[in-house]
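# What the coordinates show
Here are the chains, one letter per residue:
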Amino acid sequence: MRSSIPKVWLAVTLIAIGVPARAIACSQCLCGTPFPADVLGGVVPLQLTYGLEERYLSKSNGLEDESGEERQNEHRVAGFAIWRPIDRLALLGRLPYNFEEIVTQPEGAASSAERARGFGDAELLALVGLQNIAGPRMTLGLVLGVTAPTGSSELEDDQGERLEAHLQPGTGAWSGTTGLDAAWAAGSGTVTLGILGRLNGENSHGYHYGDALLYNAGFVSRPWRRVQGLIQINGRSAERDRETPDVFDENSGGTVTYAAPGLRWDTGIGLAAEGRVQIPFQQSLHGEQTEHATARLMLSVIP
């Protein structure tokens with residue numbers, strides 16, 4: 001598996017060279033485009049949008065040492081801001097507060113639950129507009145990002161034992177993201193395509209979340225009475241997590257594809273609301289895993 005990621009990055013590089021200039025297999029890899037489809041559009045050179053978003057993620061997998069199932073649930077409540085200082089540059093910052101839960105159900109025994117919460121890892125992404133390649137109706141953007149280990153990865157239980165990695169609100173490691181994001185202005189809306197690669201670092205305990213490739217295709221309708229329809233296909237292909245330099249988590253990694261319908265509403269009073277669900281319709285995951293539907297709610301202020 002480890003040899004596949006250089007091929008991913010080679011593919012991203014080839015796409016970038018060939019175009020003239022303009023993610024829960026792992027609970028840390030969220031699927032979906034990071035920027036709105038029209039973030040580089042418009043005629044206003046200075047725009048600031050900020051708000052709150054809530055994401056719910058859930059997956060289940062087999063237990064490592066016995067028969068049964070483990071379910072991982074996560075809520076991420078994040079403050080975010082998108083700033084476009086000039087026409088061809090948009091910056092996105094996000095800081096989440098995570099609520100983690102793992103419910104363990106051994107076969108023939110009572111279930112038990114562990115919970116933890118805390119600030120997660122801060123993320124900063126830049127979308128750099130490249131030269132138009134198909135006239136003014138199309139924009140192509142280079143995405144560059146970094147995630148800093150601001151969240152704790154050292155939380156302990158009542159007995160003083162360190163909680164497992166998926167209960168920690170932070171990863172304890174740096175990660176980097178790069179890729180391309182394209183948008184076409186169609187007659188009835190905007191068509192989007194995107195591909196992102198994410199490389200994750202290893203934390204001080206030797207845990208390494210699997211590197212991932214994220215890919216998206218979508219359509220955003222024109223506003224109708226201040227409401228826009230959203231439909232996306234979100235996909236993620238991730239390597240297995242590595243628990244130590246020589247031990248992989250067998251129930252991690254693989255490929256999952258979601259259908260993601262949603263709605264965006266501009267209230268007309270400086271507030272916008274967006275809701276979206278992700279419904280998995282294709283899964284090819286390692287070990288015993290099942291990805292469940294996820295949901296995202298967002299409220300943003302438009303000064």
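For the structure given in this document, a descriptive report is provided here.

Cut-off values and rules
- Residues numbered from 1 in each chain as written.
- Predicted model: local features only at pLDDT ≥ 70, side-chain atom pairs only at ≥ 80, totals over all residues.
- Heavy atoms only, no water.
- Core = buried A, V, L, I, M, F, W, Y, C linked by side-chain atoms within 4.5 Å.
- Buried < 20%, exposed > 50% of the residue type's maximum accessible area, 1.4 Å probe, protein only.
- Helix = DSSP H or I, 4+ residues; strand = E, 2+ residues; numbered from the N terminus.
- Contact = heavy atoms within 4.5 Å.
- Patch = residues over 30% accessible without salt bridge, like charges linked within 9 Å, V, L, I, M, F, W, Y side chains within 5 Å.
- Areas by Shrake-Rupley, 256 points an atom, 1.4 Å probe, with all protein chains shown as cover.
- Salt bridge = Lys/Arg side-chain N within 4 Å of Asp/Glu carboxyl O.
- Pairing = 2+ DSSP bridges.
- Lys, Arg positive; Asp, Glu negative; His and termini not counted.
- Charge placed at Lys NZ, Arg CZ, Asp CG, Glu CD.
- Phe/Tyr/Trp six-rings, centres within 6.5 Å; stacked < 30°, edge-to-face > 60°.

To continue, consider the nonpolar core. Among the nonpolar cores identified, the biggest contains 13 residues, and Phe35, Phe80, Leu92, Leu125, Leu127 and Val143 are the most heavily contacted of them. Elements that contribute at least two residues to this core include exactly strand E2 (68–86), strand E3 (89–106), strand E5 (122–130) and strand E9 (212–221). Once residues lying within four places of it in the same chain are set aside, the contact partners of leucine 92 are Pro34, Phe35, Phe80, Ala81, Ile82, Glu123, Leu124 and Leu125. Ranked by size, the runner-up nonpolar core spans six residues in total, among them Met138, Leu180, Ile195 and Leu213.

Another aspect to go through is a nonpolar patch on the surface. On the surface, a nonpolar cluster with roughly 290 Å² of combined accessible area is contributed by Leu48, Tyr50 and Trp83. Mapped onto the elements of the fold, tryptophan 83 is located in strand E2. In this structure tryptophan 83 comes out as partly exposed when scored by relative accessible area, which is 39%.

Pairing analysis gives 16 bridges linking strand E1 (residues 47–62) to E2, with the strands arranged antiparallel. Bridge pairing links serine 60 to arginine 71 in E2. Taking the residues between adjacent antiparallel strands as the criterion, E1 and E2 are bridged by five residues. By the bridge criterion, 17 bridges tie E2 to E3 in an arrangement that is antiparallel. Bridge pairing links asparagine 73 to glutamate 101 in E3. With antiparallel pairing between neighbouring strands as the criterion, E2 and E3 make up a hairpin whose turn holds two residues.

The next subject is unusual backbone geometry. A positive phi angle, close to 55°, is found at arginine 225, a residue other than glycine. Considering the arrangement of structural elements, one finds arginine 225 in the loop between E9 and strand E10 (227–238). The phi dihedral of arginine 226 is positive, around 70°, even though this residue is not glycine. With respect to the element layout, arginine 226 can be found in the loop between E9 and E10.

Together, Glu64, Asp65, Glu66, Glu114 and Glu164 make up a negatively charged patch on the protein surface. Judged by its relative accessible area of 33%, glutamate 164 is partly exposed.

Evaluated as defined, the whole model comprises three aromatic pairs. Ring plane angle 65° and centroid distance 5.3 Å describe the contact between tyrosine 97 and phenylalanine 99, whose orientation is recorded as edge-to-face. The class of phenylalanine 99 is partly exposed, set by a relative accessible area of 33%. Among the aromatic residues, those joined into a cluster by ring pairs are Tyr97, Phe99 and Phe119.

This is a description of form; function is not addressed.
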